[in-house]
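Listed below, chain by chain, are the residues.
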Amino acid sequence: MESLRIIDTWPVTTAAAAVVRADGTVLGTHGPADHRFPLASVTKPLAAYAALVAYEEGAVELDEPAGPEGSTVRHLLAHTSGLAFDEHRVTAPPGNRRLYSNAGFEVLGDHIAKASGIPFAEYLRQAVLEPLAMTSTTLDGSPARDGVSTVADLVRFAAEVQAPRLLDPRTVLEAQTVVHPGLKGVLPGYGHQSPNDWGLGFEIRDAKSPHWTGNTSSPATFGHFGQSGTFLWIDPVAGVACVALTDRAFGPWAAEAWTPFTDAVLAELS
């Protein structure tokens, strides 16, 4: 895909990108697909997928207590537990506001580790990484932000989310459906959004503006971006997913570059 070559113009040292269909067909790659990049918050969809495996295995229930009083596993996945951004401190009642929270995902990881008797990084490896042959992906700390992976591995994950084998498709559909509709909140890097829609570990585009996906991305598009200059989106209407990883922290350069890039990818596909 010629549109992927746009990453050569980005002000980064190293970048790689790929587009993949639900059946695993890779429509194009550009850049070093096997280069390992820190994922930052693109770690969260991987952690969420492991949490959903734990749910289907019966280790946890989505509506069982987890985190602050009144909070559940579902609240933690949807950033509605009331926990602060990077502190294990309660700032709002559960279900009241969309407070994007790294701390919430750390609490989630601890909860699953306790329920399963397996350290969360190992649970993620056994539940998601190993079955998908994501051999270059590791979690080296927080389930909110300390994943390291490659474009080649994330292509496998993106194909899985589009056509699930590890989970019941109904569970994945629920993960890409808004939890607690109508809640306002801040999308890091893009300001206040009303509503700030989120599913179970996946951010949902809907009508957010500004946004890190394309102007032509469907409202059903979901995924995540990371402060390490990384993103993964899945557009069910277009029937494709796109991964882009870089070695430069998110900033104005990314806000300017990512939207026209995604629009170019979608235009080439149409």
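Residues numbered from 1 in each chain as written. Predicted model: local features only at pLDDT ≥ 70, side-chain atom pairs only at ≥ 80, totals over all residues. Heavy atoms only, no water.

Looking at an unreviewed UniProt entry, one finds the protein named Beta-lactamase, with Streptomyces griseus subsp. griseus as its source organism.

With that settled, consider the UniProt feature "domain: Beta-lactamase-related" (unreviewed entry) in the protein. Here, UniProt's "domain: Beta-lactamase-related" (unreviewed entry) annotation points to residues 15-260. Along residues 15-260, the helical share is 30% and the strand share 19%, with 16 Å between the first and last C-alpha atoms. (UniProt positions renumbered as here; feature names shortened; annotations may be inferred. Helix = DSSP H or I, 4+ residues; strand = E, 2+ residues; numbered from the N terminus.)

Per the counting criterion, the structure on display carries 12 salt bridges. We note a salt bridge from E2 to R5, for which the minimum N-O separation is 3.5 Å. Owing to a relative accessible area of 55%, E2 belongs among the exposed residues under this scheme. A salt bridge links E87 to R89; the nearest nitrogen and oxygen atoms lie 3.0 Å apart. (Salt bridge = Lys/Arg side-chain N within 4 Å of Asp/Glu carboxyl O. Buried < 20%, exposed > 50% of the residue type's maximum accessible area, 1.4 Å probe, protein only.)

Under the counting rule described, the total for this entry stands at 16 aromatic pairs. Plain terms: the ring middles of W212 and F231 are 5.9 Å apart, the flat faces sit at 45° to each other, and that makes the pair tilted. Taken together, the positions of W212 in the loop between β8 (203-204) and β9 (222-226) and F231 in strand β10 (residues 230-235) put the pair 19 residues apart, joining distant regions of the chain. Taking relative accessible area as the criterion, W212 reaches 1% and is therefore assigned buried. Relative to W258, the ring of F225 has its centre 5.8 Å away and its plane inclined at 70°; by these criteria the two rings are edge-to-face. Taken as a pair, F225 in strand β9 and W258 in helix α7 (residues 252-269) lie far apart in primary sequence, 33 residues in all. W258 matches F225 in its accessibility class, with the two residues each being buried. Members of the aromatic cluster, connected to one another through ring pairs, are W10, Y190, W212, F225, F231, F250, W253, W258 and F261. (Phe/Tyr/Trp six-rings, centres within 6.5 Å; stacked < 30°, edge-to-face > 60°.)

Mapped onto the secondary structure, H35 falls in the loop between β2 (26-30) and β3 (37-40). Sequence separation between H35 and L245 is 210 residues; the distance between their C-alpha atoms is 9.2 Å. When sequence neighbours within four positions are dropped, the list of residues in contact with H35 reads T14, S149 and T150. (Contact = heavy atoms within 4.5 Å.)

Here the focus is the sheet that holds β10. Strand order in the open sheet formed by six strands is β2-β1-β11-β10-β9-β8, and the pairing between neighbours is antiparallel. Bordering the open sheet on either side are β2 and β8, each of which pairs with just one other strand. Two elements, β9 and β10, share five bridges in a ladder whose sense is antiparallel. Counterpart to G226 in the pairing with β10 is T230. The sheet contacts of helix α5 (residues 151-162) involve β1 (15-21), β2, β9, β10 and β11 (240-246), and relative to β1 the element is tilted by about 25°. Where α7 meets the sheet, it contacts β1, β2, β9, β10 and β11, and its direction lies at approximately 35° from that of β10. (Pairing = 2+ DSSP bridges. Axes fitted to C-alpha atoms, helices over the stretch in contact; angles between N-to-C directions.)

Strands pair in a sheet through their backbones, by hydrogen bonds, and they do so in one of two ways: parallel or antiparallel. Taken in spatial order, the three strands line up as β3-β5-β4 in an open sheet, and their pairing is antiparallel. Strand pairing shows two members of the sheet lacking a second neighbour, β3 and β4 (138-139), which therefore form its edges.

On the secondary structure map, A15 appears in strand β1. Given a relative accessible area of 12%, A15 falls into the buried group. In the structure, A15 is positioned 20 residues away from H35 in sequence and 8.9 Å away in space, judged by C-alpha atoms. Not counting chain neighbours up to four residues away, the residues in contact with A15 comprise I7, H30, G31, P32, F37, L245 and T246.

This part is about the nonpolar core. In this structure, L77, V128 and F157 are the most contacted members of the largest nonpolar core, which totals 57 residues. With nine residues, helix α1 (residues 43-57) is the single largest residue contributor to this core. For F157, the contacting residues outside a window of four places in its chain are P45, L46, Y49, V128, L132, M134, F202 and L232. In this structure, A15, V240, C242 and L266 belong to the second largest nonpolar core, which totals 26 residues. (Core = buried A, V, L, I, M, F, W, Y, C linked by side-chain atoms within 4.5 Å.)

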